[in-house]
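Now for the letters of each chain:
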Amino acid sequence: MTYLSLTAVSKRFKDDVVLDKASLAIDRGETVVVFGPSGCGKTVLLRLIAGINEPDEGRIHIAGNEVTFLEPEQRNIGMAFQNFALYPHMTAFDNIASPLKARGMKGTEIARRVEEVGELLKIGHVLHHLPKALSNGQKQRTSLGRALAANPRLLLLDDPLRNVDAKLRYEMRIELPRVLKAFQTTVIYVTQDYKEAMALGDRVAVLMGGGFKQIDHPSEIYKDPDSLDVARLFGDPTVNVVDGRIADGAVELLGLRFPLPGHLDPGPCRVALRPESIEVTLDETAAGSMPVDVGDEGRHGLAVELDAVTPLNVRAVMLLKTADGKELLATCSEDEATRLPRGHKNVTAHIRAADLLFFDQAGARLRPRPN
Amino acid sequence: MQRQTSLGRVVRVGLLTMVGLFFLFPIFWVFLMSFQTNQEILRIPPSLFFEPTLHNYQVLFSGRLETQTGTLEVRFMQNLMNSVILATSSVALSLVLGIPAAYAFARFKFRLGEDIAFTLLSFRFAPPLLVLLPLAIYFQQLGLINTYTGLIWVYQLITLPLILWIVRGYFEDISEDIEHAYRIDGNGWFKTFWKIAIPLAKPGIAAATLLSFIFAWNNFVFALILASADKQPVTVGALAFVTASGIQYGQIAASIVLSVTPTLALALYAQRYLVEGLSLGAVKG
Amino acid sequence: MATLTLDKVSKVYQARRAAPVLAVDAVDMAIADGEIVGLLGSSGCGKTSTLRMIAGFEDVTSGAIEVGERVINDLLPAERNIAMAFEGYALYPPLRVKDNIGFALLRDRQPRAEVDRKVKEVAALLEIESALERYPPMISAGQQQRTSLARALIRSADVFLLDEPMSQLEPQLRAVLRARLKDWLISRKMTTVFVTHDQTEAIALADRIAVMEQGVLQQLASPEELKERPANLFVASFIGEPPMNLFAARVDRSRSDLGLVVLDDQGEKAFRLDFDEAVDGLADGQAVHLGIRPHRFRLGPGPGAVDATVVSHSWLGDQTHIGLERAGTTFILVANGEVHAAIGDPFTVHAPMSAIHLFDAETDQAVFHGSEFRGSELRG
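Cut-off values and rules
Residues numbered from 1 in each chain as written. Chains lettered and ligands numbered in written order. Predicted model: local features only at pLDDT ≥ 70, side-chain atom pairs only at ≥ 80, totals over all residues. Heavy atoms only, no water. Pairing = 2+ DSSP bridges. Helix = DSSP H or I, 4+ residues; strand = E, 2+ residues; numbered from the N terminus. Salt bridge = Lys/Arg side-chain N within 4 Å of Asp/Glu carboxyl O. Buried < 20%, exposed > 50% of the residue type's maximum accessible area, 1.4 Å probe, protein only. Domains from an automatic or database assignment. Contact = heavy atoms within 4.5 Å. Buried area = accessible area lost by both parts, 1.4 Å probe. Phe/Tyr/Trp six-rings, centres within 6.5 Å; stacked < 30°, edge-to-face > 60°. Lys NZ or Arg CZ within 6 Å of the ring centre and 35° of its normal. 1 Å grid on protein atoms, 1.4 Å probe; cavity = no way out; pocket = protein on both sides within 12 Å on 5 of 7 lines; lining within 4 Å. Points joined across faces, edges and corners; volume = space filled by probe spheres on them. Nonpolar A, V, L, I, M, F, W, Y, C, P; charged D, E, K, R; others polar. Axes fitted to C-alpha atoms, helices over the stretch in contact; angles between N-to-C directions. Parallel < 35°, antiparallel > 145°, perpendicular 65-115°, else oblique. Left-handed = near helix turned anticlockwise from the far one by under 90°. Polar contact = N/O pair within 3.5 Å; in protein donor to acceptor, adjacent residues only side chain to side chain.

Quick look at the sheet that holds strand S12 (residues 250–253) of chain A now. Residue and element names in this part refer to chain A. Ordered in space as S13-S12-S11-S14-S20-S21, the six strands form an open sheet in which the pairing is antiparallel. Two strands in the sheet have a free side with no partner beyond their single neighbour: strand S13 (256–259) and strand S21 (365–366). In the sheet, strand S11 (residues 240–247) pairs with strand S14 (residues 267–273) via seven bridges, with the strands oriented antiparallel. Within S14, the residue paired with Val 241 across the bridge is Ala 272.

Structure (structure tokens):
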């Protein structure tokens, strides 16, 4: 059942079109992450839903009622801000109590409720402090508590983990799903970190160029992106993009031929290749020779030069260069990386054919049709 | 520069003493004068040693000044009361008008907003003498001349722009998100203004109140032209000591001391709030 | 190119009417010719002061800085033959990007064609070819930063100093430019010291990382060493993303050769890990911090097993992060590839001996690294 709907919402600031007929529908109890590159209008979208700004066109409905032009205080929503936006002259307790007071709740009831929220968010012991006496993590939890305290029908989270360090960020990533579940609230979560989007979203809505480019479950977006732009946003390192050509039921790229799993119209295309779909072995394919088709498991071997290895958290990124100078990035596990050389070396790259994604020249996805 | 030599310290203390003496000497001298008779004041060379007298203060409090040419009525206490009424009411009115206006200028970008704000500030640029004559004529016709209402109205030229511009800056420094958060909590805009914006701009409001009070208190020309003896503040009232039989320096000094005291006390009292305001801003980042 | 040696280098800032601040505390560092060293720490840890002393923008309070055999403490920055990329870019606004990059070479009267060739090469490396003819204020922050980096890389200097060289990079470019930069530095044998607050950047680029905190060099070691053998609790909690899981624990040898009783927030027993290996140097009852890296857990039962409940689950494309809870303690597990689990599911993992790190609860110094203990592997 659709709980929040945005219908063809547009917003301009002077000549700058931030949102252009963006539409989104969210179910009750769902957590939807709005994700996009910086400056894509994510924050503006939240402000329209919160009632801080009004859209130039379009309609916003919450629970079937139109709220497009209602004041923020009439919408019964909660919002946590990226900069926390705590009231500096009120204690953490009063900050969290604020939405309860505004709803006319009784004093004893408020105290009980704030204690409860404080306990859940593990800030029970600092509720009597002013914001300036709180650590960053406690500020962040206070701001979350304030947004949640009144059990709002809709919770808006504007990149709440942006300003906390890695340790706290992971702590909250573990904790947040449980907290949100406890409140059973409908959540819109804005972030520009694709990992956070995949970690926290029941669905992810990719916002780019003023509109939603794809709205789907995180794994679907990662495995089955609708466009090259979306594919590029997910993954670190980002996808490798190479030019290919479709002919005779196969695709040619990097001098290799991969049979297609279905039918695609012949012609030039662009192929995206995830770094984890390229496996590197230290054996050296004969230099200059046409790479051999290994055949088994649909992997194809390609002679490349390994130029650099840069560890990345629990993995390592390898910079590969093909004979004609094309750069490819591949990843391997941290342990495998320790046996790789520091300087240049000729190695073999194996490409998993099943993981190739095809796009037309404009970047729209080409999906092979079953034969 | 890192390690301060004892010589450096001596030089620094010496320089500071000189600067302090330079600025404080006139005040100190006026303070001494207020306890001297006219003869002692006019003695050449002047002396730091004299028989202190409370005569000057007695004259101010009793309101009677005996001179060779007869007894003069002195309305100093009335003047002091006028100053209090005029400065307090003007500042109060300016706060009521200026704070909401400052908030509007800080938060809402409306057409001509900047121009209006600047026009208000420009009242402080024009020399008051420029508008005095027409103002006096208007006030005559409107029956506002020599009334508290008229003076308080004119004093708005002094106090309103100050309050508007200082407080506006403080409102602009408050993160809009804080106010948005309070609205989303379920509070209307007026409550947000009252519970969030005003408390957070308090140091600015305190500073603006203090400054505009001092400016209103010290005003001279408006009251000189637009008020007669019974509505005059101390600044104008001191002129009464320039009598036919000579200038009563002792009484002038005493009235200066008495009239400076309230503003000085106010400044000292407000100082800690001002400092607090400054340090609050420092940690806000 | 040359070696760079810091010998007990300290920096004290003395503000008027304030207690002196010891920003850098007797830092020793010997950097080999052609080595890449990253100074890593949070803001205010002394890393930037250290870099600025090497560059010559700050006086050295005590100690010596040597490039090769030459002590450079009292030399002017220009006399040190050091190239630097500034955090604030410090580009020359009236010069085109290409002239900014080639500035030092042109000043040394190298032929224009030669300079242009080198500028093109380094611009291609950092993907700023399209900006070469433009002026610094007209290009994006990311491009300005890469211009500043290029201006340092193009020079031939004894030592290269890079201050937060890639903090403004667009995420899509980050991985490839890091790899190219590393390739460039290695193949030209450039002795490099860079400062960063981002451990991912430090780990990607550096041969060795100097972890600093409160002016003290905590550990100077290779990224693998920092991960596998952190010298103290600070390094352990600072390095790694997701960070190392840390638990308060107590050594208990009553039931096994090495038993670890893990405690919750209240100091009550949450669960215990048992290993049948004799380990020296740990007293029965000793209070310790137990550290386990998220990706060192193994799925399923085994020695050091914990029965836990799934509290969060996220698949990130190439790895899965699973948040687990056991009796009031939470921890995170990282697995390569896709692992399925639902919130609320029971989930058993085990921490092999090689995944265990122990730090003394009082001194915070490392007392045991499982990766150094080869007993089980030998027998198994």
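Picking up after the structure, the text goes on.
The next thing to look at is the pairing of strand S9 (residues 208–213) of chain C. Residue and element names in this part refer to chain C. One ladder, built from four bridges, connects strand S3 (residues 36–40) with S9; its direction is parallel. Paired with Leu 40 across the strands is Val 211, a residue of S9. Pairing between S9 and strand S10 (residues 216–221): five bridges, direction antiparallel. By the bridge assignment, Ile 209 is partnered in S10 with Ala 221.

Here the idea is simple: oppositely charged side chains can pair when their charged atoms come close. Counted by the stated rule, this structure contains 56 salt bridges over all chains. A:Asp226 serves as the salt-bridge partner of A:Arg367, at 2.9 Å between the closest nitrogen and oxygen. Residue A:Arg367 is found in the segment after S21, and its partner A:Asp226 is found in the loop between helix H7 (218–223) and helix H8 (228–233); the two are separated by 141 residues along the sequence. With relative accessibility at 38%, the residue A:Arg367 sits in the partly exposed group. What makes A:Asp226 partly exposed here is its relative accessible area of 34%. In this structure, the salt-bridge partner of C:Lys118 is C:Glu114, at a minimum N-O distance of 3.9 Å. Here the residue C:Lys118 and the residue C:Glu114 both occupy positions in helix H3 (residues 112–126), the gap between them amounting to four residues, near one helical turn. Among the residues examined, C:Glu114 registers a relative accessible area of 29% and is labelled partly exposed. One network of salt bridges, in which partners are shared, links A:Glu334, A:Asp335, C:Lys227, C:Glu228 and C:Arg296.

Moving on: the domain arrangement of chain B. All names here are of chain B. One can read the domain layout of chain B as domain 1 (6–73) and domain 2 (76–284). With centres defined by C-alpha atoms, the gap from domain 1 to domain 2 works out at 30 Å. Listed by partner, the interface residues are 19 residues for domain 1 and 16 residues for domain 2. A buried area of about 1,400 Å², summed over both sides, lies between domain 1 and domain 2, and 76% of it is on carbon and sulfur atoms.

Moving on to the packing of aromatic side chains. This model, assessed by the stated rule, comprises 24 aromatic pairs over all chains. Here B:Phe190 and B:Trp194 contribute two aromatic rings whose centre-to-centre distance is 6.2 Å and whose plane-to-plane angle is 10°, an arrangement assigned as stacked. You can see B:Phe190 and its partner B:Trp194 sitting in helix H9 (residues 189–200), four residues apart, about one turn around the helix. According to the relative accessible area criterion, B:Trp194 is exposed, its value standing at 52%. Of the aromatic side chains, those joined through ring pairs into one cluster are B:Tyr103, B:Phe108, B:Phe171, B:Trp189, B:Phe190, B:Phe193 and B:Trp194. Between A:Arg173 and the ring centre of A:Tyr170, over which it is positioned, the NZ or CZ distance is 4.7 Å. Its guanidinium or amino end placed over the ring of C:Trp184, C:Arg188 lies 3.5 Å from that ring's centre, counting from NZ or CZ.

Attention now moves to empty space enclosed by the protein. Taken as a whole and judged by the stated rule, the model has five cavities of 30 Å³ or more. Roughly 80 Å³ of volume is contained in the largest cavity. A:Ile77, A:Gly78, A:Met79, B:Ile184 and B:Asp185 are, among the 13 residues lining the largest cavity, the residues nearest its centre. Those elements that place two or more of their residues in the lining of the largest cavity are strand S6 (77–80) and helix H4 (136–148) of chain A together with helix H8 (176–185) of chain B. The residue makeup of the lining of the largest cavity, split by class, is nine nonpolar, one polar and three charged. Each pocket or cavity is described by its volume, and for the second largest cavity that value is around 60 Å³.

Right, let's get into the packing of helix H7 (residues 148–173) of chain B against helix H10 (residues 202–218) of chain B. Packed helices, taken two at a time, are described by their axes: the angle between them and the distance between them. All names here are of chain B. Interaxial distance between H7 and H10 falls to 9 Å at its minimum, and their mutual angle equals 160°. The angle between H7 and H10 places the two elements in the roughly antiparallel class. In the packing of H7 onto H10, the handedness of the crossing is right-handed. Across from Tyr 155, Ile 158, Thr 159, Leu 162, Ile 163, Ile 166, Val 167 and Tyr 170 in H7, the residues of H10 making contact are Pro 203, Gly 204, Ile 205, Ala 208, Leu 211, Ser 212, Phe 215 and Ala 216. Classifying every residue of the contact of H7 with H10 gives 13 nonpolar, three polar and no charged.

All right, on to the interface of chain C and chain A then. With 41 residues of chain C at the contact, the number on the chain A side is 39 residues. Counting the surface lost from both chain C and chain A, the interface buries some 3,600 Å², and carbon and sulfur atoms represent 57% of this. It is C:Glu241, C:Trp315 and C:Leu316 in chain C that bury the most area against chain A; as a group they hold 17% of the surface buried on that side. Linking chain C with chain A are seven salt bridges. Linking C:Glu338 and A:Lys223 is a salt bridge whose minimum nitrogen-to-oxygen distance equals 3.1 Å. Counting the contacts that link chain C with chain A gives eleven residue pairs in polar contact (both at pLDDT 80 or more). Mapped onto the side of chain C that touches chain A, the elements with two or more residues apiece are helix H5 (171–187), helix H6 (199–205), helix H7 (223–228), strand S16 (305–315), strand S17 (319–326) and strand S18 (329–336) of chain C. Per element, the largest residue contribution to the side of chain C that touches chain A is nine residues, and it comes from H5(C). Looking at the side of chain C that touches chain A, its residues break down into 16 nonpolar, 13 polar and twelve charged.

Our next topic: the domain arrangement of chain C. All names here are of chain C. Structurally, chain C comprises domain 1 (4–230) and domain 2 (245–379). Its C-alpha centre places domain 1 at a distance of 38 Å from the equivalent point of domain 2. It is Glu 228, Arg 229 and Pro 230 in domain 1 that bury the most area against domain 2; as a group they hold 82% of the surface buried on that side. Between domain 1 and domain 2 we count two salt bridges in total. For Glu 372, the salt bridge identified is with Arg 229, shortest N-O distance 3.9 Å. Remark: the boundary between domain 1 and domain 2 carries four residue pairs in polar contact (both at pLDDT 80 or more). Residue composition of the side of domain 1 that touches domain 2, by class: two nonpolar, no polar and three charged.

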